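Report on the structure
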Amino acid sequence: MHIVDINVSAAPFLAGAKWSFVTRRVRRSNIKLLNHDLAAAETGDLVLAEVQEIGSHKRLQLHDGRFSILFPKDRVVLACGDRFAEDQFEGIAVLSADGADLLAGGGVVGHMRTRNGRVGRPTRLSVIGRVADGEGRVINLADVALDKVQGPRPRRVIGVLGTGMNAGKTAAAAGLINGFARSGQMVAAIKATGTGSFGDVHHYEAAGAAKVLDFTDAGLASTYRQPLDCLEIATRTLLTAATDCDIAVVELADGVSQVETAQLLRRPGYRALFDAFVLAAPGALAARGALHWLSSEAQIAPIALSGLMTQAPLAVAEAEQLSLPVFSRETLADPATALCLNGLLACAEREGAA
């Protein structure tokens, strides 16, 4: 790998590079230099790397919402970050001259610590340098984030939780978004935690959200291993940015017992940001366990169930024994369901004011 002096223009090295999803807010005209102090890398730092060996991630999510197939020797602009994904990788925001791993297709690079046995090794990269401005200051996603203003939020905020990964959270969120939008309301769709990726954003847009935001807009490549105060401020920032909408549907990544999710939900101030929660689950037993955890650990009582289990009538029948309505994505997308949920929220508001 050819190492250049920090004062040499970055332009020749960036020519033809593929810019990942997490870099979409970056103004490229500010990029002038490369910084080779990889040991000083922090989460959110922009990184120029070269693909050395194709692994699990064979495509990169680009800044403009397209996929690009990856080839050896491709140069890519990513963000250093952590990742928590039970069905893929756990990784940390560490860079090394010996190489790094593509932890997520949305453009998160770091060092893999563990991986699910059902997936291959990550795509391997060599790090050319951290991207810097004309004064040698490394550019971080936090530099291009929304202002951390905490003001009014949408009138109503519904959180979508899950029992774990792949429980059907995004499908439930998309159903809610579509139902409220079809009932005539302006809906903000927000992904509050997770790892940078455009998959959920695309689902929200397709469902009819008037405004779509995620934690990368708040300056985070990933929310794994980030301070809780930082994550709470990020959620408040995103809600404030959506204050012109009637309702916000906010999805939290992974399951309710994932470390950051669990700690956030235990915070009274964080819970107070939400008017209600919907729980997604793959089956009734998982739902029962999550409901018990939410009640005992976070004093949360979801108003409805959804998720993958709604694809199986027998699973729905079992879940209905939990004394909560069980809604499929299609049912949530019905404006009549949105009106019903609005009614439930209005009743709760009146009871809270009494």
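Throughout what follows, the structure given in this document is the object of discussion. (Residues numbered from 1 in each chain as written. Predicted model: local features only at pLDDT ≥ 70, side-chain atom pairs only at ≥ 80, totals over all residues. Heavy atoms only, no water.)

Within the secondary structure, Arg-115 sits in strand 10 (residues 108–115). Accessibility expressed as a relative area gives 35% for Arg-115, which makes it partly exposed. Between the C-alpha atoms of Arg-115 and Phe-89, which are 26 residues apart in sequence, the distance is 4.3 Å. With sequence-adjacent residues up to four places away left out, Arg-115 is seen in contact with Gln-88, Phe-89, Gly-120 and Arg-121. In terms of polar contacts, Arg-115 uses its side chain to reach the backbone carbonyl oxygen of Val-119, at 2.6 Å. (Helix = DSSP H or I, 4+ residues; strand = E, 2+ residues; numbered from the N terminus. Buried < 20%, exposed > 50% of the residue type's maximum accessible area, 1.4 Å probe, protein only. Contact = heavy atoms within 4.5 Å. Polar contact = N/O pair within 3.5 Å; in protein donor to acceptor, adjacent residues only side chain to side chain.)

Attention now moves to the side chain of Thr-235. Structurally, Thr-235 is set in helix 4 (residues 228–241). Overall, the relative accessible area of 1% leaves Thr-235 in the buried class. A polar side-chain atom of Thr-235 sits 2.9 Å from a polar atom in the side chain of Tyr-270. Contact partners of Thr-235, with chain neighbours within four places excluded, come to Ala-192, Tyr-270 and Leu-273.

Counted at 1.5 Å a residue, the expected span for helix 2 (residues 169–182) with its 14 residues is 20 Å, and the 20 Å between its end C-alpha atoms agrees. In terms of burial, helix 2 is largely enclosed, as 10 of its 14 residues are buried. Every buried residue of helix 2 is listed here: Lys-169, Thr-170, Ala-172, Ala-173, Ala-174, Gly-175, Leu-176, Ile-177, Gly-179 and Phe-180. Looking one or two residues beyond helix 2, the residue adopting positive phi is Gly-184, at roughly 100°. (Expected span 1.5 Å × (residues − 1).)

Scanning the model with the defined rule gives 20 salt bridges in all. A salt bridge links Glu-50 to Lys-73; its shortest N-O distance comes to 3.7 Å. One end of the pair, Glu-50, is in strand 3 (residues 46–53); the other, Lys-73, is in the loop between strand 5 (67–69) and strand 6 (75–80), and 23 residues separate them in sequence. According to the relative accessible area criterion, Glu-50 is buried, its value standing at 14%. Lys-73 gets classed as exposed once you look at its relative accessible area, which sits at 52%. Residues Glu-330 and Arg-329 are paired through a salt bridge, measuring 3.5 Å at the closest nitrogen-oxygen approach. Among the ionic contacts, a cluster of salt bridges with common partners joins Arg-24, Arg-25, Asp-214 and Asp-217. (Salt bridge = Lys/Arg side-chain N within 4 Å of Asp/Glu carboxyl O.)

Time to look at the pairing of strand 11 (residues 124–132). Counting buried residues along strand 11, eight of its nine residues qualify, which places the element largely inside the surrounding structure. Here strand 2 (residues 33–35) runs beside strand 11; their pairing, made up of three bridges, is antiparallel. Pairing of Leu-33 across the sheet is with Ala-132, part of strand 11. Two elements, strand 9 (residues 100–104) and strand 11, share two bridges in a ladder whose sense is antiparallel. Following the sheet pairing, Asp-101 is matched in strand 11 by Arg-124. (Pairing = 2+ DSSP bridges.)

On to the nonpolar core. Among the nonpolar cores identified, the biggest contains 45 residues, and Val-250, Leu-265 and Leu-305 are the most heavily contacted of them. Breaking this core down by element, the ones donating at least two residues are strand 12 (156–162), strand 13 (187–191), helix 4, strand 15 (247–251), helix 5 (259–265), strand 16 (276–280), helix 7 (284–298) and helix 8 (313–319). Ranked by residues supplied to this core, first place goes to helix 7 with seven residues. When neighbours within four sequence positions are excluded, Val-250 is seen to be in contact with Val-157, Ile-158, Gly-159, Val-160, Ile-190, Ala-192, Leu-239 and Phe-274. With 27 residues, the next largest nonpolar core counts Phe-89, Leu-103, Val-131 and Ala-221 among its residues. (Core = buried A, V, L, I, M, F, W, Y, C linked by side-chain atoms within 4.5 Å.)

This next bit is on the sheet that holds strand 14 (residues 211–214). Taken together, the six strands give an open sheet; going across it, the order is 14-13-15-12-16-17, and neighbouring strands pair in parallel fashion. Among the strands making up the open sheet, the edge pair consists of strand 14 and strand 17 (304–306). When the angles between neighbouring strand axes are averaged without regard to direction, this sheet yields 20°. Looking at chain direction, strand 13 and strand 15 are connected through five bridges and run parallel. (Axes fitted to C-alpha atoms, helices over the stretch in contact; angles between N-to-C directions.)

The next subject is the packing of aromatic side chains. In this structure the tally under the stated criterion is five aromatic pairs. Centre to centre, the rings of Phe-274 and Phe-277 are 4.8 Å apart; their planes meet at 35°, and the pair counts as tilted. Its guanidinium or amino end placed over the ring of Phe-67, Arg-59 lies 3.6 Å from that ring's centre, counting from NZ or CZ. (Phe/Tyr/Trp six-rings, centres within 6.5 Å; stacked < 30°, edge-to-face > 60°. Lys NZ or Arg CZ within 6 Å of the ring centre and 35° of its normal.)

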